[in-house]
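# Remarks on the overall topology
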Amino acid sequence: MAEQRQRPRRRGQGELEALVLSVLREADGPATAGWVQERLGGDLAYTTVITILTRLLAKGAVTRERAGRSFAWRPSSDHGGLAAGKMRKVLDAENDREAVLASFVTGLDPDDERLLRDLLGQSGGEGDG
């Protein structure tokens, strides 16, 4: 029974990944898994932190570089870039891109639709003339 009281609550994979990314964003540069574990409060095993970082690497959310016999990790982009990457991955998995994009745009609230139109106007202006 005492063992159950000492164990922290079980978190989902996505929640742990988000926590690790959040900690990495606070670092001044590349951070080791031990540094990440320490910043998370030490309730995760070192091997768990390594597993999460490896999963994030496979998803393209982090990069790593050699640091002695270990690795130092950093986020590959900011939060917005990670969300955009997820959106592209979902879009790339669909056969009818036009239908997916049309459905997405028609589901936006007016402020988001206006923002999207403004952003598209900024990036699409190169070919006008």
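A brief report on the enclosed structure follows. Keep in mind it's a predicted model, so treat the numbers as computed, not measured. (Residues numbered from 1 in each chain as written. Predicted model: local features only at pLDDT ≥ 70, side-chain atom pairs only at ≥ 80, totals over all residues. Heavy atoms only, no water.)

### Some thoughts on the overall build of the protein
The test is simple: Comment: elements are numbered from the N terminus, with helices defined as DSSP H or I runs of at least four residues and strands as E runs of at least two. The cut-offs for exposure are 20% and 50% of the maximum accessible area for each residue type, with area from a 1.4 Å probe on protein chains only; residues under the lower value are buried, those over the upper are exposed, and the others partly exposed. Contact definition: two residues touch when any of their heavy atoms are within 4.5 Å.
Scanning the protein from terminus to terminus reveals seven helices and three strands. Beginning at the N terminus, the succession of helices and strands in the protein can be written as α-α-β-α-α-β-β-α-α-α. Counting all 129 residues of the protein, 19% fall into the buried class. Of all intrachain contacts in the protein linking residues separated by at least 6 positions in sequence, the fraction that spans at least 24 positions is 42%.

### Thoughts on the pattern of salt bridges
Note the following rule: Salt bridge, as used here: a side-chain nitrogen of Lys or Arg that lies within 4 Å of a carboxyl oxygen of Asp or Glu.
Following the criterion strictly, the structure yields five salt bridges and no others. Across the pair Lys59 and Glu17 runs a salt bridge whose closest N-O atoms are separated by 2.8 Å. One end of the pair, Lys59, is in the loop between α4 (46-58) and β2 (62-67); the other, Glu17, is in helix α2 (residues 13-26), and 42 residues separate them in sequence. The exposure class of Glu17 is buried, given its relative accessible area of 8%. Among the ionic pairs, Arg97 bridges to Asp92, the shortest N-O distance being 2.8 Å.

### Considerations on the sheet that holds strand β3 (residues 70-75)
Operational definition: Pairing between strands is defined by DSSP: at least two bridges between the two strands are required. Fitted lines through C-alpha atoms give the axes, limited to the stretch in contact for helices. The angle between two N-to-C directions lies from 0 to 180 degrees.
Strand order in the open sheet formed by three strands is β1-β3-β2, with antiparallel pairing between adjacent strands. Because the sheet does not close on itself, it has two edges, and the strands there are β1 (31-32) and β2. Pairing of β1 with β3, which is carried by two bridges, proceeds in the antiparallel orientation. Within β3, the residue paired with Ala31 across the bridge is Trp73. Contacts from α4 reach β2 and β3 within the one sheet, and its direction differs from that of β2 by about 120°.

### Some remarks on α4
Stated formally: Working rule for helices: expected span equals 1.5 Å times residues minus one.
For α4, which comprises 13 residues, the first-to-last C-alpha distance of 19 Å matches the rise-based estimate of 18 Å (1.5 Å per residue) to within 8%. Gly60 occupies a position one or two residues after α4 and carries a positive phi of about 80°.

### Structural notes on the nonpolar core
Taken as a class, soluble globular proteins show a tendency for nonpolar side chains to be buried jointly. Quick reminder of the rule: We define a nonpolar core as any set of buried Ala, Val, Leu, Ile, Met, Phe, Trp, Tyr and Cys residues linked to one another through side-chain atoms lying within 4.5 Å.
Core analysis: the biggest nonpolar cluster contains 19 residues, and Val20, Leu24, Val36, Leu40, Val49, Leu53 and Leu56 have the highest contact counts within it. When contributions to this core are tallied by element, the ones reaching two or more residues are α2, α3 (33-39) and α4. Among the elements that line this core, the one with the most residues is α2, at five residues. Apart from residues lying up to four places away in sequence, Leu53 is in contact with Val20, Leu24, Ala33, Val62 and Trp73.

### A short note on the packing of aromatic side chains
Applied cut-off: Pairing of aromatic rings covers Phe, Tyr and the six-membered ring of Trp, with a centre-to-centre limit of 6.5 Å; geometry is then stacked below 30 degrees between planes, edge-to-face above 60, and tilted otherwise. Cation placement over rings: the criterion is NZ of Lys or CZ of Arg within 6 Å of the ring centroid and within 35° of the ring normal.
In total, this model carries one aromatic pair according to the counting rule given. The ring of Phe71 is capped by Arg64, whose NZ or CZ atom sits 3.9 Å from the centre of that ring. Here the guanidinium or amino end of Arg66 rests over the ring plane of Phe71, the centre of that ring lying 4.4 Å away.

### Quick look at the pairing of β2
Alignment of β2 against β3, held across six bridges, turns out to be antiparallel. Counted as the bridge partner of Arg66 is Phe71 from β3. Hairpin connection between β2 and β3: a loop of two residues separates the two successive antiparallel strands, and Gly68 in this loop has a positive phi of roughly 70°.

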